[in-house]
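For reference, the chains in residue letters:
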Amino acid sequence: MKKDKDNKFYVYRFRLYPNAEQVAYLDEQMSYNRFVYNFFLERATHLYKTHNIKFNYYEFKKILPLLKKGFPFLLNANSQSLQASLKNLDTAFQKFFTKQADYPNFKKKGVYSSIVIPQNFEIKDSFINIPKLKSAIKVKFHRKVYETVKQVSISKTMSGKYYVNMLVEKFAFTPYIPKKALNVSTGIDLGLKDFAIITTGTDFDNKESFKIPNPKYLVKSQKRLIKLSRQLDRKVHKRSKQDKTTPSKNYIKFKNKLSKLHEHIFNQRKDFLHKLSLRTVSDSQVVVLEDLNIKGMVKNGNLSKPISDVSWSRFVSMLEYKASWYGRQVFKVNRFYPSSKACSTQDCGYVYKDLKLSERFWTCPQCGVVHDRDINASINLFLEGLTVLKNTPGTAELTPAEYAPAGYQNIGISRHTLRQEAYAFRRR
Ligand SMILES: [Zn+2]
């Protein structure tokens with residue numbers, strides 16, 4: 001099995017609005033899962049501490065059905081969820097054994113409340129059906145899910161809100177441009193470490209933020225490029241205009257290799273930018289970005305900077321022309337807008353004037369919220385977009401753009417590659 005689980009899947013998170021009966025059911029199921037987790041953790045701890053026997057998922061999995069005999073209340077539980085709970089414990093132990101995490105902790109009520117539902121769920125319109133529950137639970141979708149949902153999990157926050165996480169396979173995105181105007185705003189902060197930091201949603205309570213790293217394949221190609229350039233330089237060739245040296249066969253060979261790689265990288269980057277811009281435009285009515293001049297003014301010794309600059313401006317222009325095809329709007333906030341410095345907490349609005357570039361995190365002195373600098377910026381841009389949505393008369397009736405299949409041909413992107421290639425969407 002390939003160990004690229006993190007790259008293969010993406011999780012969408014939506015707020016759930018269960019009624020009283022559904023709340024009771026979910027809480028009950030969560031308690032069963034917690035029970036199973038804690039039961040096996042106790043067993044495993046005993047075996048490990050007294051006999052030095054390591055956690056064995058398959059051995060415990062065999063015991064799971066027997067457990068129901070000893071604890072008949074578990075008969076009301078969804079067996080697959082119980083198994084998933086055990087699997088979670090397995091993951092926690094594997095992380096501990098590989099020194100990536102501390103020893104697993106017991107799950108306390110109110111702190112850990114979640115259930116995984118690996119199958120037999122059904123998502124229809126704005127509802128989800130889950131096993132053993134007769135009525136469907138209301139889901140607030142703030143974005144369209146194009147992919148097939150592989151698995152869902154439901155969690156409860158400490159403040160008592162319910163969310164559903166939908167696990168989808170990446171690369172499975174099929175281009176689809178909704179014909180109707182969407183009530184969705186998207187704020188994008190362009191970065192160096194990550195290509196973009198995005199916040200998207202319909203209102204303050206229904207939004208999500210995620211970072212889109214520079215794609216791994218690009219980073220890899222760029223490393224190869226640097227290596228190849230160095231190798232090329234070591235081959236016999238002219239060192240100056242007056243130099244009469246005849247380039248060696250090897251030099252010519254490497255030079256060809258290098259130009260092919262340049263072309264390859266150019267295409268990879270173009271592909272990535274096309275997909276990301278198309279995805280963004282199809283998912284949102286209003287897209288708000290910072291004016292790139294702000295970024296340009298940033299002095300930075302980072303080598304990837306010039307590359308980012310080029311990618312950023314190409315990305316923005318792609319967003320703009322695709323938005324015009326599909327009846328979406330792209331706005332740039334001017335350089336005086338303090339997107340990084342303003343606190344994005346609802347009803348706070350404190351402006352931290354002395355924010356330094358080196359400060360990746362800051363605490364708002366007015367409301368006490370700790371901000372990830374980039375996420376905070378993208379939330380502020382998203383909020384700007386919401387204002388635009390509200391203040392645009394007849395937003396709901398915005399003329400839906402015609403679906404433009406010809407446009408696809410023009411930009412040289414086939415449906416095939418769209419489906420195959422990666423979206424680097426990743427939750428932070
Ligand atoms: Zn604040």
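Every value quoted in this text rests on a predicted model; they were computed, and no experiment measured them.

## Structural notes on the overall build of the protein
Here comes step 1: Counting its secondary structure elements, the protein contains eleven helices and 15 strands.
Here comes step 2: The long-range share in the protein, meaning contacts at least 24 apart out of those at least 6 apart in sequence, stands at 70%.

## Some words on the confidence of the model for the protein
Regions with low pLDDT carry predicted coordinates that are not meant to be interpreted in detail.
Here comes step 1: The share of residues in the protein with pLDDT of 70 or more is 82%, and the mean pLDDT across the chain is 80.
Here comes step 2: Per-residue pLDDT stays below 50 along residues 172-176; that stretch engages in 16 contacts with residues further than four places along the chain or on separate chains.
Here comes step 3: Confidence over residues 394-428 falls short of pLDDT 50; this stretch has 57 contacts with residues more than four positions distant or in other chains.

## Observations concerning unusual backbone geometry
Here comes step 1: With phi around 50°, Asp-125 is a residue other than glycine that occupies positive phi space.
Here comes step 2: Topologically, Asp-125 is positioned in the loop between strand S3 (122-124) and strand S4 (127-129).

## A few points about the environment of Ala-323
Here comes step 1: Mapped onto the elements of the fold, Ala-323 is located in helix H8 (residues 305-326).
Here comes step 2: A count of 21 C-beta atoms within 10 Å places Ala-323 in the buried class.
Here comes step 3: Linking Ala-323 and Gln-285, residues 38 residues apart in sequence, is a C-alpha distance of 8.6 Å.
Here comes step 4: Setting aside chain neighbours within four positions, we find Ala-323 in contact with Val-281, Val-287, Arg-328, Gln-329 and Val-330.

## Some words on helix H2 (residues 20-51)
Here comes step 1: With 32 residues, H2 extends 46 Å from end C-alpha to end C-alpha; this agrees with the ideal 46 Å at 1.5 Å per step.
Here comes step 2: Burial in H2 covers these residues: Leu-26, Gln-29, Met-30, Tyr-32, Asn-33, Arg-34, Val-36, Tyr-37, Phe-39, Phe-40, Leu-41 and Ala-44.
Here comes step 3: Looking at the packing, one finds that the buried side of H2 touches helix H3 (57-70), helix H4 (79-97), strand S2 (114-117), strand S6 (149-156) and strand S7 (162-169).

## Here we look at the sheet that holds S7
Here comes step 1: Spatially, S2-S6-S7-S1-S5-S4-S3 is the arrangement adopted by the seven strands of the open sheet, whose pairing is antiparallel. Of all the strands in the sheet, just S2 and S3 have a single pairing partner and so form its edges. Each strand axis lies, on average, 30° off the axis of its neighbour in the sheet, ignoring direction.
Here comes step 2: Of the strand pairs in this sheet, strand S1 (residues 9-17) and strand S5 (residues 137-140) are connected by three bridges, and their pairing is antiparallel. For Arg-15, the partnering residue across the bridge sits in S5 and is Lys-140.
Here comes step 3: Set on the sheet, H2 makes contact with S2, S5, S6 and S7; between it and S2 the angle comes to about 90°.

## Details of the nonpolar core
Here comes step 1: Judged by nonpolar contacts, the single largest core of 33 residues is most densely connected at Ile-188, Ala-196, Val-287, Leu-289, Phe-315 and Leu-319.
Here comes step 2: For this core, the secondary structure elements donating two or more residues are strand S8 (185-190), strand S9 (194-203), strand S10 (206-213), helix H6 (249-283), strand S11 (286-290), H8 and helix H9 (373-391).
Here comes step 3: If one sorts the elements of this core by residue count, H9 sits on top with eight residues.
Here comes step 4: Setting aside residues no more than four positions away along its own chain, Val-287 makes contact with Thr-186, Ile-188, Thr-280, Val-281, Leu-319, Ala-323, Arg-328, Val-330 and Gly-385.
Here comes step 5: One finds Ala-84, Val-152, Tyr-162 and Met-166 within the second-largest nonpolar core, a separate group that totals 17 residues.

## Re the packing of H2 against H4
Any two packed helices are characterised by the angle at which their axes cross and by the distance between the axes.
Here comes step 1: Contact pair H2 / H4: the axes reach a minimum separation of 9 Å and the direction vectors enclose 45°. Judged by the angle between their axes, H2 and H4 are oblique. Read as a crossing pair, H2 and H4 show a hand that is right-handed. On H4, the residues that touch Gln-29, Tyr-32, Asn-33, Val-36, Tyr-37, Phe-40, Leu-41 and Ala-44 of H2 are Ser-81, Leu-82, Ser-85, Leu-86, Asn-88, Leu-89 and Phe-93.

## Some words on the environment of Ser-209
Here comes step 1: Topologically, Ser-209 is positioned in strand S10.
Here comes step 2: Judged by local crowding, Ser-209 falls into the buried class, with 21 C-beta atoms found within 10 Å.

## Regarding the pairing of S7
Here comes step 1: Sheet topology places S1 next to S7; eight bridges connect them, and they run antiparallel. Note on S7: the bridge partner recorded for Arg-15 is Tyr-163.
Here comes step 2: Strand direction decides the pairing type here: S6 and S7, joined by seven bridges, are antiparallel. Pairing of Val-149 across the sheet is with Val-168, part of S7.

## With respect to the environment of Lys-207
Here comes step 1: Relative to the helices and strands, Lys-207 is located in strand S10.
Here comes step 2: Among the residues examined, Lys-207 registers 21 C-beta atoms within 10 Å and is labelled buried.
Here comes step 3: For Lys-207, the contacting residues outside a window of four places in its chain are His-142, Thr-199, Thr-200, Gly-201 and Phe-382.

## Quick notes on the pairing of S5
Here comes step 1: Burial along S5 is one-sided: Ile-137 and Val-139 are buried, and none of Lys-138 and Lys-140, which face the opposite way, are.
Here comes step 2: In this structure, S4 lies alongside S5, joined through two bridges in antiparallel fashion. Each bridged residue has a counterpart across the sheet, and for Ile-128 the counterpart in S5 is Ile-137.

## With respect to H3
Here comes step 1: Look at H3: 20 Å from first C-alpha to last across 14 residues, which is about the 20 Å you get at 1.5 Å a residue.
Here comes step 2: The element H3 is largely exposed, with a buried count of one among its 14 residues.

## Looking at the packing of helix H5 (residues 216-234) against H6
Here comes step 1: Close contact between H5 and H6 brings their axes to 10 Å; oriented N to C, the two are set at 160°. Here H5 is positioned roughly antiparallel relative to H6, judged by the angle of their axes. Here H5 and H6 pass one another in a crossing that is left-handed. On H6, the residues touching Tyr-217, Leu-218, Ser-221, Gln-222, Arg-224, Leu-225, Leu-228, Ser-229, Gln-231 and Leu-232 of H5 are Tyr-251, Phe-254, Lys-255, Lys-257, Leu-258, Leu-261, His-264, Ile-265, Gln-268, Arg-269 and Phe-272.
Here comes step 2: Among the residues forming the contact of H5 with H6, the class breakdown is eleven nonpolar, six polar and four charged.

What counts as what
- Residues numbered from 1 in each chain as written.
- Predicted model: local features only at pLDDT ≥ 70, side-chain atom pairs only at ≥ 80, totals over all residues.
- Helix = DSSP H or I, 4+ residues; strand = E, 2+ residues; numbered from the N terminus.
- Contact = placed C-beta atoms within 7 Å.
- pLDDT = per-residue confidence, 0-100.
- Buried ≥ 20, exposed ≤ 12 C-beta atoms within 10 Å, placed from the backbone.
- Expected span 1.5 Å × (residues − 1).
- Pairing = 2+ DSSP bridges.
- Axes fitted to C-alpha atoms, helices over the stretch in contact; angles between N-to-C directions.
- Core = buried A, V, L, I, M, F, W, Y, C linked by C-beta atoms within 7 Å.
- Parallel < 35°, antiparallel > 145°, perpendicular 65-115°, else oblique.
- Left-handed = near helix turned anticlockwise from the far one by under 90°.
- Nonpolar A, V, L, I, M, F, W, Y, C, P; charged D, E, K, R; others polar.

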